[in-house]
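The primary structure of each chain is shown beneath.
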Amino acid sequence: MAPQKQLKLAAFMRPISIHTGAWRYPGAYPDANFNAAHLERFIQTLERGRFDAFFMADHLAVLNMPIAALKRSHTVTSFEPFTLLSFLAHATRFIGLVATASTTFDEPYHVARRFASLDHLSRGRAGWNIVTTANPDAALNFGLDEHVEHDERYRRAREFYDVVTGLWDSFADDAFVRDVDAGLYFEPKKLHVLNHKGKHLSVRGPLNIARPVQGWPVIVQAGSSEAGRQLAAETAEVIFGASSTLHSAQEFYADIKARLDKRGRHPDSLKILPGAFVVVGESRAEALDKRERLDGLVHDDSAIASLSVMLGHDASRFDLDALLPEIPETNASQSGRRRVIELARREKLSVRQLARRFGGYGGLSFVGTASSIADEMQEWLEGEGADGFNVMFPYLPGGLDDFVEQVVPELQRRGLFRREYAGSTLRENLGLVRPPNQFF
Ligand SMILES: Cc1cc2nc3c(=O)[nH]c(=O)nc-3n(C[C@H](O)[C@H](O)[C@H](O)COP(=O)(O)O)c2cc1C
């Protein structure tokens, strides 16, 4: 019998929670965004739960919302991910450390150095979530008057990836001979100068850091537009998906795995992890109560503003009690807009109802007992909708502790999740091969 396929689990860590009402939930830590001790406790709990990775999202501007909404939300601010993950690397031994870095507003030499450093510091646990940055306000913080156009961002991202991976391969794995007697520190034949001159980027190289422990830190992607899918099929090893139904997840899963096949990549070389917001209760009724209590803590101003961000369109001008009108595509997230419109049409929600849904957290959620949540995760895994999940906790520390103490043991009991880490690098735990150096 073939061995049971197992789930991969990442934790999508907004330090207070992704849910905008979470900082007001009883027992929450409203100061967790800037309290390193809380973050240390969270990651150690995740490691005890054998999570594959701690994912720290990052944004290069406060959220593009009016101040009336911004003032109600903890999701506005957070630590810079590399500073935080370097600190957390020291507090853990096995869990992967995934940071977001933008290909639109960063430079490949900086990005290559930071991830190579984090990979060495953590002994092989770094991952790079490649984003092209959807928030138009980021442009205003980086010397531009206007955001770069959507598909142009993805074209730069593709070239950016080639440069970063090329820089990681600057030195052969065995370049540093450190021959004390001969006085030779590294072998010059084992140094490659990239000399990249492309349409968007010009980088000579070499990188001034030894090849990362993992060869390359694990490549993660989170876009799901046509351009996002294509970039993922060409480069990603993990996708943080955003499907909200098993059916749409299966469509996405089949599409991505077919794109891999076309490129001669093995289906297991890319793990698809949809985001799942998980609320655990002793009974289903208790879990639903928790969710309702949490959603009740979202302010209306915040709800309408969240909907506007998702749509790339000011929703406060719509009739709040009518159905959502037709909304043209904008330069922001294409997949985000599509998701909102699909939900509005499917459930015939008014603008106000839709806003409340997205004001807290509008994506896929599993709300129930440890056993019912394990059933749903198993159905998604076995039904080829997911290789695992990017888990979001409704509030912390309570929601995180519940997951690790109740859901993880249930998954382990069913053979759906590891009891011990397979290795000490993120690649080993995800079952990904270490890429060979392309120049040596
Ligand atoms: C789970 C998840 C995590 C994300 N994390 C970030 C992030 O940290 N920073 C960021 O700028 N965008 C982030 N995004 C947004 C994506 O990078 C992307 O812009 C968005 O999904 C729209 O992609 P599309 O334009 O290809 O549809 C995230 C998206 C998802 C689904």
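Calculation criteria
Residues numbered from 1 in each chain as written. Predicted model: local features only at pLDDT ≥ 70, side-chain atom pairs only at ≥ 80, totals over all residues. Heavy atoms only, no water. Phe/Tyr/Trp six-rings, centres within 6.5 Å; stacked < 30°, edge-to-face > 60°. Helix = DSSP H or I, 4+ residues; strand = E, 2+ residues; numbered from the N terminus. Buried < 20%, exposed > 50% of the residue type's maximum accessible area, 1.4 Å probe, protein only. Near = heavy atom within 4 Å. Polar contact = N/O pair within 3.5 Å; in protein donor to acceptor, adjacent residues only side chain to side chain. Areas by Shrake-Rupley, 256 points an atom, 1.4 Å probe, with all protein chains shown as cover. Nonpolar A, V, L, I, M, F, W, Y, C, P; charged D, E, K, R; others polar. Core = buried A, V, L, I, M, F, W, Y, C linked by side-chain atoms within 4.5 Å. Contact = heavy atoms within 4.5 Å. Patch = residues over 30% accessible without salt bridge, like charges linked within 9 Å, V, L, I, M, F, W, Y side chains within 5 Å. Salt bridge = Lys/Arg side-chain N within 4 Å of Asp/Glu carboxyl O. Lys, Arg positive; Asp, Glu negative; His and termini not counted. Charge placed at Lys NZ, Arg CZ, Asp CG, Glu CD. Axes fitted to C-alpha atoms, helices over the stretch in contact; angles between N-to-C directions. Parallel < 35°, antiparallel > 145°, perpendicular 65-115°, else oblique. Left-handed = near helix turned anticlockwise from the far one by under 90°.

(A) Up close: the packing of aromatic side chains. Per the counting criterion, the structure on display carries 23 aromatic pairs. On the numbers, 6.2 Å between centres and 85° between planes, the contact of Tyr161 with Trp216 is edge-to-face. Of the two residues, Tyr161 sits in helix α6 (residues 150-168) while Trp216 sits in the loop between β6 (202-203) and β7 (218-221), which places them 55 residues apart along the sequence. Assessed through its relative accessible area of 13%, Trp216 is described here as buried. Ring geometry for Phe176 and Phe186: centres 6.0 Å apart, planes at 50°, overall tilted.

(B) How the structure looks around the site of the ligand. Surveying the vicinity of the ligand reveals 21 residues, the closest of which are Asp58, His150, Tyr154, Ser225 and Ser335. The backbone of Asp58 places a nitrogen or oxygen atom 2.7 Å from a nitrogen atom of the ligand. At 2.6 Å, a side-chain N or O of His150 approaches an oxygen atom of the ligand. Compared with its free state, where it exposes 630 Å², the ligand has 89% of that area covered by protein. At the level of elements, β4 (126-131), α6 and α11 (334-347) are the ones that each hand at least two residues to the shell around the ligand. Split into classes, the residues belonging to the shell around the ligand amount to 9 nonpolar, 11 polar and 1 charged.

(C) Molecular detail of the nonpolar core. Counting 101 residues, the largest nonpolar core has Phe51 and Phe389 as the members making the most contacts within it. Top element by residues in this core is α6. It accounts for 8 residues. Sequence-distant contacts of Phe389, defined by excluding residues within four places in its chain, comprise Leu7, Lys8, Leu9, Ala10, Leu273, Pro274, Ala276, Leu364, Phe366, Met377 and Trp380. Counting 18 residues, the second largest nonpolar core, distinct from the first, contains Leu311, Leu324, Leu343 and Val351.

(D) Geometry of a negative patch on the surface. On the surface, Glu282, Glu286, Asp289 and Glu292 cluster together into a negatively charged patch. Looking at the element boundaries, Glu282 is found in the loop between β9 (271-280) and α9 (284-295).

(E) Spatial organisation of the packing of helix α4 (residues 108-121) against α6. In contact at an axis separation of 9 Å, α4 and α6 are set at 50° when each is read in the N-to-C sense. By the criterion of interaxial angle, the relationship of α4 to α6 is oblique. When you trace α4 past α6, the crossing you get is right-handed. Contact with α4, carried on its side by Pro108, Tyr109, Val111, Ala112, Phe115 and Ala116, involves Phe160, Val163, Val164, Leu167 and Trp168 of α6 and no other residues of that element. Class assignment for the residues of the contact of α4 with α6 results in 11 nonpolar, no polar and no charged.

Distances and angles like these do not, on their own, reveal function.
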